[in-house]
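Secondary and tertiary structure notes
So you can see what is in the structure, the chains are spelled out below.
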Amino acid sequence: MELWILFGTFATLLLIGTPVAFCLGIASFATVLYMELPPIVVFQRLNSGVSVFALMAIPFFIFAGELMVRGDIARRLVALAGGLVGHMRGGLGQVNISASVLFGGISGSAAADASAIGGLMIPQMKERGYGVDYAVNVTVVSSIIALMIPPSHNMIIYSIAGGGRISIADLFTAGILPGLVLALSLMVAAWLVAAKRGYPTDRFPGWGAVGGLFLNAIPGILLIAIIFVGVRSGVFTASESSCVAAVYALLVTVLAYRTMDWKNFVAATFAAVRTTAMVLMVIGCAAAFGWLLAILKVPTTMIEVMKGVSDNPIVILLLINLLLLFLGTFMDMSPLIVITTPIFLPVATAFGVDPVHFGVIMVLNLGIGLCTPPVGAVLFVGCAVGRIGVGQVLKTIWPFYGAAFATLMLVTYIPGLSLWLPSLFR
C-alpha cells in the first residue's frame, strides 16, 4: 500500500501538471503520513539531499556556462566549426553539430547549447535554403552532446545519487568518447538527409583562415582543458574546478573578448540562480523520494524481478534502457537521475556492469528523453528558436533519433567506449 500511495500520488500530480519537485515532495509526505512516521523526516531528507559538498560544483558550472552564452563565445566557436566542416555536404548542419561539441564542453547544458547554437545557426540555415525542420532537428539532437562531455553537471548528480562513491573525474573522462561517437553518428545522419534534399556546401576557406579562427576561439576552448586537466590530474576537485571555471569565464568575457557588460552580467547571474534553485529543489525532494524507495526495498525487489525475467546482462540492459527511454518522455532529466539511480544502479552492478559505464548509459539515455515529446525540454527550446511546431519537427526527426539510439546501443554493449579513457588516465 505504501508503494501505491508513493507512486500513485506522484503520477496523479504529474498528470495534472504539478512541477516535478512538488510531485516528489508531496508524494513523499503523503507516504510518510500513511506509514505513521514523523512528517519532519521528509524535510530532514530534503535538507540532507542538498547538503552535499559536491553539489557546490553545479551552481558554478551553470554560472560559467551562462557567462559564456552571453559573452559571445558561441559565435566564435561556430565560426571555427564552420571553417573545419562547413565544406561538407549540408555544411551548416555539420557546423551545427561540431559547434555543439565545442560549446558543450563549456556550457555542460543541453538547453543552453540548443538556445545558444540554435539562436546563431537556425536563422543562418533558413537564409541559406535549409528546411526549418532540418535546422531544428540537428540543433535539438546534437545538444545531447553537451551532457556527455565535461563539465556535465548531470554526471555530478549521478555520482551523488549513486551514493557519492563514483568518481566524478572518471565520469567526466568516460563521457568523452561516447560524446564524440554521438557527434559522428549525427554527422552521418545530417549528411544523408542533406544529400537527399540537395542542400549546399560551402567553400573550404583554407588552413590559414582556419588557424586564425582557432586562435580567436582559444580563450574559450581553454576552459575545457582547464576543467578536464585540473580534475583529472587531481590539482583540484570538481567543486573547485567549477569555481575556477566561473572566474575564468568572467575574465575571458570581460578582459579577452570584452563582450561582457553589466546588463549581460546581471542577466547571467539571475539565470544561473534561477536554474540552480530549480535543480537543487528537485534534488532535495528526490532525495526524500529515494529514501522511501530504499526503505520500501524497491531496489532489492527490482533486482529479483529482473533476475526472474532473465539472467542475461544483454537482456537486462536492454530492459533498463527501454524503461529509461519511456520515463524520459514525460519527466525531466535531473529528477529522473536522482530517482532511478538508486533503483537501477544496484540492478546493473548485480549483473556485472561498471558504475561508471552505467552512468554514461543513463546520461545518454535520459538525454534522448530531453528531445522527445511530450515533455522534451530541449525539443521545445529548439522549436521556439526555429518558430516551428513540434508536430512538424517530429515528422522528419527520425534519422537523428535513430543515430542517437544507435549510439546508445554501442555505448551500452561496448563498455570500452566508456571505460578505456578512465583506465588510461588512471
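Residues numbered from 1 in each chain as written. Predicted model: local features only at pLDDT ≥ 70, side-chain atom pairs only at ≥ 80, totals over all residues. Heavy atoms only, no water.

The subject of this paragraph is the overall build of the chain. Regarding its fold elements, the chain presents 23 helices and zero strands. Relative to the globule expectation of 22 Å for 426 residues, the C-alpha radius of gyration of the chain, 21 Å, shows essentially globular dimensions. Each of the three principal axes of the chain carries a C-alpha extent, and together these read 70 × 45 × 45 Å. For the chain, the proportion of its 426 residues judged to be buried stands at 54%. Sequence-distant contacts, at least 24 apart, represent 79% of the contacts inside the chain between residues at least 6 apart. Entry remark: accessible area of the chain is about 17,200 Å², with carbon and sulfur atoms responsible for 70%. (Helix = DSSP H or I, 4+ residues; strand = E, 2+ residues; numbered from the N terminus. Rg over C-alpha atoms; globule rule 2.2 N^0.38 Å. Buried < 20%, exposed > 50% of the residue type's maximum accessible area, 1.4 Å probe, protein only. Contact = heavy atoms within 4.5 Å. Areas by Shrake-Rupley, 256 points an atom, 1.4 Å probe, with all protein chains shown as cover.)

With that settled, consider the side chain of T407. When you line up the elements, T407 lands in helix α22 (residues 398-413). Note on T407: relative accessible area 0%, which makes it buried. Discounting residues that sit within four places of it in the chain, T407 has contacts with P178, V181, L182, S185 and L364.

Here we come to the environment of S185. Considering the arrangement of structural elements, one finds S185 in helix α12 (residues 176-197). Overall, S185 belongs to the buried group, its relative accessible area being 18%. Along the backbone, S185 and Y199 are 14 residues apart, and their C-alpha atoms lie at a distance of 19 Å. Of the polar contacts made by the side chain of S185, one reaches the side chain of T407; its length is 3.0 Å. (Polar contact = N/O pair within 3.5 Å; in protein donor to acceptor, adjacent residues only side chain to side chain.)

Once that is clear, we can look at helix α23 (residues 416-425). Listed as buried for α23 are L417, S418, L421 and P422. Taken around the axis of α23, the buried residues stretch over an arc of 130 degrees, which confines them to a single face. (Arc of directions from axis to C-beta.)

With that settled, consider the packing of aromatic side chains. All told, the structure shown has eleven aromatic pairs when counted by the stated rule. Ring centres of F10 and F289 lie 5.5 Å apart, and the angle between their planes is 50 degrees; this geometry places the pair in the tilted category. Of the two residues, F10 is situated in helix α1 (residues 2-15) and F289 in helix α15 (residues 262-295); the sequence distance between them amounts to 279 residues. Assigned by exposure class, F10 and F289 land together as buried. An angle of 65 degrees between the planes, with centres 6.3 Å apart, marks the rings of F29 and F43 as edge-to-face. Of this pair, F29 sits in helix α2 (residues 20-34) while F43 sits in helix α3 (residues 40-50), and the two are 14 residues apart along the sequence. The partly exposed category is assigned to F29, whose relative accessible area is 30%. In textbook terms, an aromatic cluster arises when at least three aromatic residues are bridged by ring pairs, as seen for Y130, Y134, Y199 and F400. (Phe/Tyr/Trp six-rings, centres within 6.5 Å; stacked < 30°, edge-to-face > 60°.)

Here we come to a nonpolar patch on the surface. On the surface, a cluster of nonpolar side chains totalling about 720 Å² of accessible area is made up of V305, V309, I314, V315, L318, L322, L410, Y413 and I414. Of all elements in the fold, only α16 (298-309), α17 (313-328) and α22 reach the threshold of two or more residues within the nonpolar patch. For the nonpolar patch, the leading source of residues is α17, giving four residues. By the element assignment, V315 lies in helix α17. Under the relative-accessibility criterion, V315 is labelled partly exposed at 33%. (Patch = residues over 30% accessible without salt bridge, like charges linked within 9 Å, V, L, I, M, F, W, Y side chains within 5 Å. Salt bridge = Lys/Arg side-chain N within 4 Å of Asp/Glu carboxyl O.)

Attention shifts here to the nonpolar core. By size, the foremost hydrophobic cluster in this structure holds 144 residues, and its most contacted members are Y134, F358 and F400. The dominant element in this core, judged by the number of residues it contributes, is α15, at eleven residues. Those residues within four positions of Y134 in sequence are excluded, and the remaining contacts are G90, G93, M125, A190, V193, A194, R197, Y199 and F400. (Core = buried A, V, L, I, M, F, W, Y, C linked by side-chain atoms within 4.5 Å.)

A separate point is the layout of surface pockets. Approximately 1,100 Å³ is the volume attributed to the largest pocket. What lines the largest pocket is a set of 37 residues, and nearest its centre among them are A111, T275, M278, V279 and D332. Put simply, the parts of the chain that give the lining of the largest pocket at least two residues each are α2, α4 (57-70), α7 (110-127), α10 (153-161), α15, α18 (333-350) and α20 (377-386). With seven residues, α15 is the largest single contributor of residues to the lining of the largest pocket. Residues of the lining of the largest pocket, tallied by class, amount to 24 nonpolar, nine polar and four charged. Estimates place the volume of the second largest pocket at around 480 Å³. Together, 21 residues line the second largest pocket, and F7, F10, L327, F330 and I339 are the ones closest to its centre. Only α1, α16, α17 and α18 provide two or more residues apiece to the lining of the second largest pocket. The class makeup of the residues in the lining of the second largest pocket is 19 nonpolar, two polar and no charged. (1 Å grid on protein atoms, 1.4 Å probe; cavity = no way out; pocket = protein on both sides within 12 Å on 5 of 7 lines; lining within 4 Å. Points joined across faces, edges and corners; volume = space filled by probe spheres on them. Nonpolar A, V, L, I, M, F, W, Y, C, P; charged D, E, K, R; others polar.)

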